[in-house]
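Below are the chains, spelled out letter by letter.
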Amino acid sequence: MLEGWPPPILDPAGPYAWPVTVLSWVLLAMAAAVLLVVFAALWLALFGGERARQRVGGTRIVWLGGIVFPLVVLTALLVYGLTLTASLSERIRGDEMRVRITGEMWWWRVAYLDGDGQPVIHDANELHIPVGEPVVLELESADVIHSFWVPRLSGKLDMIPGRRNLMRIQADEPGQFGGQCAEYCGGPHALMGFVVIAHEREAFERLMAARRAREAGPPPAGDPRGAELFASAGCAACHRIAGTDANGLAGPDLTHIGSRKTLGAGILPNNRGTLMGWIGNSQAIKPNNRMPPYTMLSAAELRAITAYLEEQR
Amino acid sequence: MRAWAIVLGGLAVWAAHFFVLYGIASAMPGRVGARWLVLIVTLAAIAADGLILWRTIGAGRRADALEAWIARLGGLGAALSLVAVVWQAAPAVAM
Amino acid sequence: MKSETGFDPALLDRFPTKGPRPDDELARLEEAWRAPKGWGLLTAVNNNYIGTFYVGAAFLFFLLAGVLALVMRVQLALPLQGVLPQETYNQFFTMHGTLMMFLFAVPMMEALGVLLLPQMLAARDLPFPRLSAYAFWAYFVGGTCFFLSLFFGLAPNGGWFMYPPLTGTTYSPGINADFWLLGIGFIEISAIAGAIEILVGVLKTRAPGMTLARMPLFAWAMLVFAGMILIAFPAVILATLLLELERALNWPFFDATRGGDPMLWQHLFWFFGHPEVYIIFLPAAGLTSMMVSALARTPLVGYQLVVLALLATAFISFGVWAHHMFTTGMPTLSIGFFAAASMAVSLPAGVQVFAWIATLAVGKPRCNTPTLFVIGGLVTFVIGGLTGVMVAMVPFDWQVHDTHFIVAHLHYVLIGGAVFPVFAGLYYWTPMMSRRALSERLGKWVFWLMFAGMQVTFLPMHLTGMMGMPRRVYTYLPGMGLEPTNLVSTAGAFMIGAGVALFVFDLARNFRFAVEGTAGNVYGGGTLEWLPTGLYSTRSIPVVRSREPLWDQPDLARDVDEGRYLLPGTATGLRETIITSPIRAEPQYLQIMPGPSAWPLLGALFTAGFFLLLTVQAYTPAVISGVLAVPSIMRWLWDTDRTVAEPEVDVGGGIRLRTYATGSGTHGWWAMVMLLVVAAMVFLMTVFAFLFVRGVHPEYWSDYGGKGWALPVVGLYAGAAGLVWLGRYLLRREGSTHWSPATQVLLAGATIALAWAVDFTGWRGTGFDPELSAQGALVMAFLAQQGLLAAVALLMVLYLAARTSRNLIVRPRSVTLDVVSLFLLYAAAQGAVTALITRLVPGGW
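Residues numbered from 1 in each chain as written. Chains lettered and ligands numbered in written order. Predicted model: local features only at pLDDT ≥ 70, side-chain atom pairs only at ≥ 80, totals over all residues. Heavy atoms only, no water.

All right, on to the overall build of chain B then. Within chain B, the secondary structure is distributed over 3 helices and 0 strands. For chain B, the α and β elements follow one another from N to C terminus as α-α-α. Oriented by its inertia axes, the alpha-carbon framework of chain B measures out at about 50 × 20 × 15 Å. Within chain B, buried positions represent 51% of all 95 residues. Considering only contacts within chain B whose residues lie at least 6 apart along the sequence, 74% involve residues at least 24 apart. Surface accessibility of chain B: about 4,500 Å² in total, with carbon and sulfur atoms responsible for 74%. (Helix = DSSP H or I, 4+ residues; strand = E, 2+ residues; numbered from the N terminus. Buried < 20%, exposed > 50% of the residue type's maximum accessible area, 1.4 Å probe, protein only. Contact = heavy atoms within 4.5 Å. Areas by Shrake-Rupley, 256 points an atom, 1.4 Å probe, with all protein chains shown as cover.)

And the structure:
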């Protein structure tokens, strides 16, 4: 979920975002200054005295204002912009932590990769990173073009079918950073958010270790009635919970749903009420998303499934 | 046709330069040789613009008013093209 | 003074002539140009009518697209509103963008060109009046049906940029996307027809003495505009064609799983899409330059620099397309090149802005409505230009790309750069077309509402974008701080709406169409459109000796109206105009022009019917409609290319001009060459697509062999070219029999068709399948294009045969034969290149 205020572009949280913030302020100042010059010239032209109007009226001002002045400003900006672009897109070393994020209509598949590029931990709509280290994201798409954007950490980069784009992000302090799909991807494109959570190093290691163990080990016991309903209502056809029979791949992985910060791809805070509401009729919350409404389930049944899912942490 | 060649010559040099550069960058992404090739092509474009400038500056004093006007327009176009060509090559040096 | 064509410029010093003019001269002129009455008006082709219809239709689409915008702003006023459901909103924003770009902006500029250019150039009409009529009716009928799709829930919903794979059949199975692809593809064809008309008009029908250095800036702008359309539009025509083929026939141009690439669409689309912005801006800048000068009552400062700015913009705008793709992960060096060009393109804009400011400083503009709109437009455009420089900086663009910051930026550029100048122009030029001028009192209200509304809507929107709100979202979540700026933007949008509504009221109250007895030169302009006119434009065609003839020659209006200049009546009793040379505007010959006809209207209706029926998958009626379009168009052409009794006529002052001309440099030749430029650009873009996809996914390419087929195919095409030359040679030899030249050309057409069939057969033998890989699909696209050329070539030679049989081929040289020959030669050349490139670009490099 994006924060809104202060504008995230102007509130950077990592080394791939703050140079752009500096650039933004420089550009805003440049725009204001040039605007002032143009307005001053226009003001003199319209309301100035005879002498001032004579100065502004003539080919000389076209040369000065229209050619020389922009030439100087633009040359400086061009060099600044090019060098900054180059430094922000420095070659990736290869020893960074890697995560593959796949844009899907209208959520994000997340897979933490090992050294060989094999996925080891599966998740969705949420990314955990360690503080102070660059993390390389492999951006892919499963269907149409999406664009991955977490403004406080970096600019955006598109996810294009048939291609793999690499992006680096890094957070310098622990916290949550909202993201959003930026390329129109049809239907509920507006409701396709994302969350990055940065942890201190040890906390991050602990989390990853726990999750690796969870991928390999048995699932938490959970509410047995909920587990049964999860299977019988058809949830497992689309969702996976590691270590259970539920291994559907069409929808988000629910192995860690209980600990997720948001629901519906970054659009709702995750709590018992919202989770129940989402399962019961997600179409009312995020119209045209791919999950059918489960209005045939009773409140008790929904409660049971919710209780079961809350255990999946 | 000659008049059009003078008027559009400089701008056409920019266009040719740009598309050759785009071709180089697309055909050999991330190669150092690309940068050298860009510089060579740029020098050629600068020379072509210079030639047009040199030819049109003299022609600006022609007796025929329209010919002088066209020559001057062509010269201005070549000068603008020169600036744009130099900018166009900047990425090969600065990036 | 030098001469361009051998015409002695001193002859023009005979004007204005002395002595009385014949009594019946004016009556005969009026008779020749008399407009049809009542329902017959639908068959009018005169630019006064077509131009007015055209402006009216474009303005109508502006209103409709504006209403869509208001509804969208209501939906976005508060978070999670339910005014527009998601799907409807997606259709609305797609339609808003599409209507504004394709059905308002470009047509409005063409419409103003059709309306104003003949007057500004003192031509009797544009050189191909029936083509103007066709372009208008095709656009109006096609555009209206396209808009109506909204009421059936069938409107496209993939955004005006229509990126695949979202717009492919997998993710857009309905016919909504087809409406866009076929509807817009068709309207682009109409735009190209208009562009050819305007280009030839500016180059060939200027008043004598109106050299390049004396052309009104709007004419310069329209020249550049039309040239840009010819280069840019083919890219999007090809793109829409490929996507439609992918949807209809499953040829995977953009499907990454079969070797296609979604990025190909983006390159093709933006190669059109960015120049498109300047295609809209330049004519408006031309209008502004003329109005600034007239309103300040002083010649434009830096005329030559402004001309250069127009030309430079046209060139450089073709090097910036990928700045819409900075976030797609292109190679860094490529990104750098596009960033540099994006900087360069802002230089010419700065030149124009300061030329306008300098001109305002020299003169003393009064505070009237056009001046307000011009200055308001200037201020707004400068702000948009500056945010444009900001987004040309790649890292900044990575952040704000596809956010509401861009929405704000583009509306500043387009409203400031095009909409305000057009409104200024409507106020400024209405007195030329109407018995009453528009109201100054209401006009000031209109301006202040629109100007303030514009700033209130879009200034806060920059912040909305920086706060993270993406574009093309039907709603947003509460609690993110996005509410205040969105609410303000909605309020502003309604201010703009109120301003436009007031303008419509003003229009209804004061606009009364007239050609004679108009309100006249209210603002004191110095260019030729302010001469007294009738449907025939000016009574006589003046000799131009400066940029603002009306200011420099106080007697000009009287002398022109008394018939003391060229062509004071009609020399042949028909509609006619003087064709002049492109650089010095020396009189060359007299063009006989066609009069009113229902055939362009019918041709347009059937062409529109073909595309629209195809969209709704009514294939049989579509084919019938398409088949009917061909004879309609041929029937309209049938009346053209005739000789008159007098091979030479006196156009006044003892100057004698031929009444028939053909060969290079004539208006028909220019038009055909321009059409071939379009065809060549479509072909070039296909070659680009071929090499691009080959470079991205070489693993999907294989060598189909069959290289040997290239030889006979190229040989046949060469033979066709030879036959064309033989036919032209025989025609020139008076000894030839009635049929012999046409027979050669007929054979040439047949040979082209045969060569194509051989090429196609060769490919079928190799067992390739267009559905299997992008390579196959592109080879098939090449062949389909060539097949289309061959089909048109066949129609042309049949038309030529029909004319020959009626003895309608002019000897020793005929325009019809010349333009058909040109087309056949081009078709043969493209066919040969097609055969070579598809076979010689190997599978395994």
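The next point concerns the sheet that holds strand β10 (residues 193-199) of chain A. All names here are of chain A. Read from one edge of the open sheet, 3 strands run β4-β10-β9, paired in mixed fashion. The strands lining the two open edges of the sheet, one partner per strand, are β4 (126-130) and β9 (175-180). Across this sheet, the average inter-strand angle for adjacent strands is 25 degrees, counted without regard to direction. Judged from the 5 bridges that link them, β4 and β10 form a sheet pairing that is parallel. Residue pairing in the sheet places E126 in a bridge with V195 of β10. Running over the sheet, helix α4 (residues 201-216) touches β4 and β10 and is turned about 130 degrees from β4. (Pairing = 2+ DSSP bridges. Axes fitted to C-alpha atoms, helices over the stretch in contact; angles between N-to-C directions.)

With 79 residues of chain C at the interface, the matching set in chain A holds 79 residues. Summed over both sides, the interface of chain C with chain A buries roughly 6,400 Å², with 75% coming from carbon and sulfur. Seen at the junction of chain C and chain A, the total is 1 salt bridge. Between C:D261 and A:R163 there is a salt bridge, with the nearest N and O atoms lying 2.4 Å from each other. At the surface where chain C touches chain A, the tally comes to 15 residue pairs in polar contact (both at pLDDT 80 or more). Of all elements in the fold, only α3 (86-121), α7 (262-295), α9 (332-344), α10 (346-362), α11 (369-392), α12 (394-400), α14 (440-466) and α20 (667-696) of chain C reach the threshold of two or more residues within the side of chain C that touches chain A. The greatest single-element share of the side of chain C that touches chain A, amounting to 12 residues, is contributed by α10(C). Of the residues in the side of chain C that touches chain A, the class split is 51 nonpolar, 22 polar and 6 charged. (Buried area = accessible area lost by both parts, 1.4 Å probe. Salt bridge = Lys/Arg side-chain N within 4 Å of Asp/Glu carboxyl O. Polar contact = N/O pair within 3.5 Å; in protein donor to acceptor, adjacent residues only side chain to side chain. Nonpolar A, V, L, I, M, F, W, Y, C, P; charged D, E, K, R; others polar.)

Take a nonpolar patch on the surface next. All names here are of chain B. There is a patch of nonpolar side chains on the surface, built from V32, W36, L39 and V93 and spanning about 440 Å² of accessible area. Looking at the nonpolar patch element by element, the count peaks at 3 residues for helix α2 (residues 32-59). Exposure remark for W36: the relative accessible area of 57% places this residue in the exposed category. (Patch = residues over 30% accessible without salt bridge, like charges linked within 9 Å, V, L, I, M, F, W, Y side chains within 5 Å.)

So, about α9(C). Residue and element names in this part refer to chain C. Given a rise of 1.5 Å per residue, 13 residues ought to cover 18 Å, and the 19 Å separating the end C-alpha atoms of α9 matches this to within 8%. With 12 of 13 residues buried, α9 is to be regarded as a mostly interior element. Within the sequence span of α9, burial applies to L333, S334, I335, G336, F337, F338, A339, A340, A341, S342, M343 and A344. (Expected span 1.5 Å × (residues − 1).)

Residue and element names in this part refer to chain C. Considering the arrangement of structural elements, one finds T167 in the loop between α4 (129-148) and α5 (176-204). On the basis of relative accessibility, which here comes to 1%, the residue T167 falls in the buried class. Side-chain polar atoms of T167 contact the backbone oxygen of Y163, separated by 3.2 Å. Residue contacts for T167: discarding those within four places in its chain leaves G158, M162, S172, A177, L243 and R247.

It is worth spelling out the environment of C:Q304 at this point. One can find C:Q304 in helix α8 (residues 303-316). Using a relative accessible area of 9% as the deciding quantity, one classes C:Q304 as buried. C-alpha of C:Q304 to C-alpha of C:M162: the two residues are 142 residues apart in sequence and 39 Å apart in space. Not counting residues within four places of it along the chain, the set of residues in contact with C:Q304 comprises B:W69, B:R72, B:L73 and B:L76.

Here the focus is the nonpolar core. Within the largest apolar cluster, 431 residues are counted, with the highest numbers of intra-cluster contacts made by A:L127 and C:W220. When residues no more than four places from it in sequence are discounted, the contact partners of A:L127 are A:V99, A:I101, A:V110, A:Y112, A:L137, A:I169, A:F194, A:V195, A:V196 and A:I197. In terms of nonpolar packing, the next biggest core, distinct from the first, is built from 10 residues, C:A32, C:W33, C:A44 and C:Y536 among them. (Core = buried A, V, L, I, M, F, W, Y, C linked by side-chain atoms within 4.5 Å.)

Time to look at the packing of aromatic side chains. Residue and element names in this part refer to chain C. Under the definition given, this model contains 78 aromatic pairs over all chains. Judged by centre distance (6.3 Å) and plane angle (70 degrees), the ring pair of W137 and F140 falls under edge-to-face. Here W137 pairs with F140, and both are found in helix α4, just 3 residues apart, close to one helical turn. Residue classification places W137 among the buried residues on the basis of a relative accessible area of 9%. (Phe/Tyr/Trp six-rings, centres within 6.5 Å; stacked < 30°, edge-to-face > 60°.)

So, on to the domain arrangement of chain A. Residue and element names in this part refer to chain A. The domain boundaries assigned to chain A delineate domain 1 (18-89), domain 2 (97-198) and domain 3 (218-310). Domain 2 and domain 3 are separated by 22 Å when their C-alpha centres are compared. Facing the 19 residues of domain 2 at the interface are 21 residues of domain 3. Summing both partners gives a buried area of about 1,500 Å² for domain 2 against domain 3, and 57% of it is carried by carbon and sulfur. Area buried by domain 2 at its contact with domain 3 is led by W106, H122 and L191, which between them contribute 29% of it. Here domain 2 is connected to domain 3 by 1 salt bridge. As a salt-bridge pair, R260 and D123 come within 3.0 Å of each other at their nearest N and O atoms. Summed over the shared surface of domain 2 and domain 3, the number is 7 residue pairs in polar contact (both at pLDDT 80 or more). Going through the elements one at a time, β2 (107-113), β3 (119-124) and β10 are the ones with two or more residues in the side of domain 2 that touches domain 3. Considered class by class, the residues forming the side of domain 2 that touches domain 3 number 11 nonpolar, 4 polar and 4 charged. (Domains from an automatic or database assignment.)

Residue and element names in this part refer to chain C. Mapped onto the elements of the fold, T43 is located in the loop between α1 (25-33) and α2 (47-77). What makes T43 buried here is its relative accessible area of 19%. For the pair T43 and A133, spaced 90 residues apart in the sequence, the C-alpha separation amounts to 8.2 Å. A polar contact of 2.6 Å, which involves the side chain of T43, links it to the backbone oxygen of G40.

So, about helix α6 (residues 217-249) of chain C. Residue and element names in this part refer to chain C. Over its 33 residues, α6 extends 47 Å from the first C-alpha to the last, a length consistent with the 48 Å expected when each residue adds 1.5 Å. At L230, α6 shows its strongest bend, of approximately 30 degrees, with the proline P234 following within four residues. Burial of α6 is extensive: 27 of the 33 residues sit out of reach of the surface. (Bend = angle between axes of the 7 residues up to and from the residue.)

Taken together, C:R435, C:R436, C:R441, C:R509 and C:R512 make up a surface patch of like positive charges. Tracing the chain through its elements places C:R436 in the loop between α13 (404-433) and α14. (Lys, Arg positive; Asp, Glu negative; His and termini not counted. Charge placed at Lys NZ, Arg CZ, Asp CG, Glu CD.)

With that settled, the discussion passes to unusual backbone geometry. The omega torsion of the bond from A:M105 to A:W106 falls at 0 degrees, within 30 degrees of zero and hence cis. Structurally, A:W106 is set in the loop between β1 (97-104) and β2. Of note, the amide linkage connecting C:F15 to C:P16 takes the cis form, showing an omega dihedral of 0 degrees. Relative to the helices and strands, C:P16 resides in the segment before α1. For C:D641, which is not glycine, the phi dihedral falls at a positive 55 degrees.

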